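# Coordinate inspection notes
Each chain is listed here by its residues.
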There are 2 protein chains.
Amino acid sequence: MTLRPADMLCFALYSAAQAMQQAYRPLLDALGLTYPQYIVLSALWAAEDPPRVSDIGREVGLESSTLTPLLKRLEAAGLVARQRDARDERQVRIRLTEAGRALQARAAHVPGCIFEKTGLDEAALVALRDEVAALGQRLRAG
Amino acid sequence: MTLRPADMLCFALYSAAQAMQQAYRPLLDALGLTYPQYIVLSALWAAEDPPRVSDIGREVGLESSTLTPLLKRLEAAGLVARQRDARDERQVRIRLTEAGRALQARAAHVPGCIFEKTGLDEAALVALRDEVAALGQRLRAG
DNA sequence: CACGATTATATCGTGCACGATATATATGGC
DNA sequence: GCCATATATATCGTGCACGATATAATCGTG
């Protein structure tokens, strides 16, 4: 069996995920962020204590080989500080700097702007989000 | 407003799209293909006449700056031939080679394997695909 | 307490993906 | 026919994203 891209669920996801990143681009450009950087910062803004690289990786589904360079760029931008845990020198704790915290306020309008662009109402968005997330779970499990 | 990644529709899409590529990986590794290469080949397998780079780009949503190197890799693998259109030397026609056509048969089991991994029945898959595709359309439009 | 196994992060190589730009060809108005 | 403009593809630089591997620290078992 052979399908056209437009008939495939995988392609719908792939294409919609790219379109979503394009929708974010003008908003994030203004903040000097890429989309993956914004996702990592969102995890940090919500975190209680400074998480380890692996904690962030688990939450956002990225490997250290992706996260380490990304976090170094956030550090170079002055948004986070990376420091080895004194108790276990293998681990690196990621802390927001003042500038990193301040950026949360400057990004506060972003979710609303994106919500608008989806053209969905809140119930439909939540339903779709949960269906898509459940699919992701099943794919990662199986 | 600030949300955790897990609460965001965008993150569900981003994460599910990555999970989908991971689900494809073992199947495509056996064929020596990446996921974007598989999508481009799927478009070529279904095409009537040799499409131009821009035709493929429109169908799969990629720029020439992404497609040109990808097509060169497919050419290096012996799966496609790239040749300038005699009528308009600006355009490049992409034709499947024998090996490229033969690969279609060797990839015929892939959609079924992926369908299994989704854990969805066909009606649910089609419904989700169409919802996600419609969202992608709205995001690209607005 | 010594040493092999495990864990955490980092590095490397390949391949997307895009925006900006370059190059080459074609088109249209004069 | 000539030149400005438009179009098609290609190139370049940056930043993901992963698998494989390296490095360094800790743990467990004897």
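Here, every reference points to the structure presented above.
Heads up: these notes are all about the structure in this document. Sequence order as written defines residue numbering, which begins from 1 separately in each chain. Chain labels run from A onward and ligand labels from 1 onward, assigned in the order the entries are written. The model is predicted, so local features are restricted to residues of pLDDT at least 70 and side-chain atom pairs to those at 80 or more, both for listing and for counting; the totals for chains, interfaces and linings are taken over all residues.

## Side note on the overall build of chain A
Heads up, the rule is: Starting at the N terminus, helices and strands are each numbered in turn, a helix being any DSSP run of H or I of at least four residues and a strand any DSSP run of E of at least two. Neighbour counting defines burial: a residue surrounded by 20 or more other C-beta atoms within 10 Å of its own C-beta is buried, one with 12 or fewer is exposed, and intermediate counts give partly exposed, using backbone-placed C-beta atoms. The contact criterion used is a C-beta to C-beta distance within 7 Å, with each C-beta placed from the backbone.
Check the secondary structure of chain A and you find seven helices and two strands. What you see in chain A, going N to C, is helices and strands ordered as α-α-α-α-β-β-α-α-α. Looking at chain A residue by residue over its 142 residues, the buried ones come to 28%. Residue pairs at least 24 apart in sequence account for 39% of intrachain contacts in chain A once pairs closer than 6 positions are excluded.

## Here we look at the interface of chain B and chain A
Every contact between the two is made by 46 residues of chain B and, on the other side, 46 residues of chain A. Ranked by the residues each element gives to the side of chain B that touches chain A, the list is headed by helix α1 (residues 9-29) of chain B, at 13 residues.

## Description of the protein's contact with DNA strand D
Counted only if it meets this: For each residue, a C-beta atom is placed from the backbone, and the residue is labelled near a molecule or strand when this atom is within 6 Å of it. Residue polarity is assigned by list, with Asp, Glu, Lys and Arg as charged and Ala, Val, Leu, Ile, Met, Phe, Trp, Tyr, Cys and Pro as nonpolar; anything else, Gly included, falls into the polar class.
Residues in close proximity to DNA strand D total 25 residues, the closest being S65(A), R52(B), S54(B), S65(B) and T68(B). Counting residues per element, the ones that place at least two in the surface near DNA strand D are α2 (35-46) and α4 (64-76) of chain A together with α1, α3 (53-60) and α4 (64-76) of chain B. Element by element, the count of residues in the surface near DNA strand D is highest for α4(A), at four residues. Taken together, the residues that form the surface near DNA strand D break down as five nonpolar, eleven polar and nine charged.

## Considering the nonpolar core
Inclusion rule: Nonpolar core, as used here: buried Ala, Val, Leu, Ile, Met, Phe, Trp, Tyr and Cys residues forming one set through C-beta atoms within 7 Å. Each domain's extent is set by a domain assignment, obtained either automatically or from a database.
In terms of nonpolar packing, the biggest core is built from 69 residues, with L13(A), A16(A), M20(A), L13(B), A16(B) and M20(B) touching the most fellow members. Shared between two domains, this core holds at least three residues of each, these being domain 1 (18-106) and domain 2 (109-142) of chain B. In contact with A16(A), not counting residues within four places along its chain, are L13(B), V132(B), A133(B), L135(B), G136(B) and L139(B).

## As for the protein's contact with DNA strand C
Lining the immediate environment of DNA strand C, one finds 25 residues, of which S54(A), S65(A), T68(A), S65(B) and E89(B) sit closest. Elements represented by at least two residues in the surface near DNA strand C include exactly α1 (9-29), α3 (53-60) and α4 of chain A together with α2 (35-46) and α4 of chain B. Class assignment of the residues belonging to the surface near DNA strand C gives a composition of five nonpolar, eleven polar and nine charged.

## Section: the packing of α2(B) against α3(B)
Packed helices, taken two at a time, are described by the angle between their axes plus the distance between the axes. All names here are of chain B. As a reminder, the rule being used: Lines fitted to C-alpha atoms define the axes, with helix axes restricted to the stretch in contact, and inter-axis angles between N-to-C directions lie between 0 and 180 degrees. Note that the term roughly parallel is reserved for angles under 35 degrees, roughly antiparallel for angles over 145, roughly perpendicular for angles of 65 to 115, and oblique for everything else. Each crossing gets its handedness from the near helix: less than a right angle anticlockwise from the far helix is left-handed, clockwise is right-handed.
For the pair α2 and α3, the least separation of the axes is 10 Å and the interaxial angle reads 115°. In this view, α2 runs roughly perpendicular relative to α3, as classed from their interaxial angle. α2 and α3 meet at a crossing whose hand is right-handed. Residues I39, V40 and A43 of α2 form the contact with α3, whose own contacting residues are I56, E59 and V60.

## Structural notes on the environment of R84(A)
Residue and element names in this part refer to chain A. Considering the arrangement of structural elements, one finds R84 in strand β1 (residues 80-84). Among the residues examined, R84 registers 11 C-beta atoms within 10 Å and is labelled exposed. C-alpha of R84 to C-alpha of R52: the two residues are 32 residues apart in sequence and 9.3 Å apart in space. Aside from chain neighbours lying at most four places away, what touches R84 is E89 and V92.

## Some remarks on α2(B)
Definition in use: In this scheme, a helix's expected span is set at 1.5 Å multiplied by one less than its residue total.
With twelve residues, α2(B) should reach 16 Å at 1.5 Å per residue; the first-to-last C-alpha distance of 17 Å fits that figure. Of the residues making up α2(B), those classed as buried are Y38(B), I39(B), V40(B), L41(B), S42(B), A43(B) and L44(B).

## Here's the deal with α4(B)
Given a rise of 1.5 Å per residue, 13 residues ought to cover 18 Å, and the 18 Å separating the end C-alpha atoms of α4(B) matches this to within 8%. Phi turns positive, to about 80°, at G78(B), one or two residues after α4(B).

## Overview of the relation of the copies chain B and chain A
To be explicit about the condition: A least-squares superposition brings the copies together, and it is based on the C-alpha atoms of residues with pLDDT no lower than 70 in both.
The transformation that overlays chain B on chain A combines an axial shift of 0.0 Å with a rotation of 180°, and the residual RMSD is 0.0 Å. Those values place the two copies in the arrangement expected of a two-fold rotation axis. A symmetric contact is evident, with 100% of the interface residues of chain B recurring at the interface of chain A.

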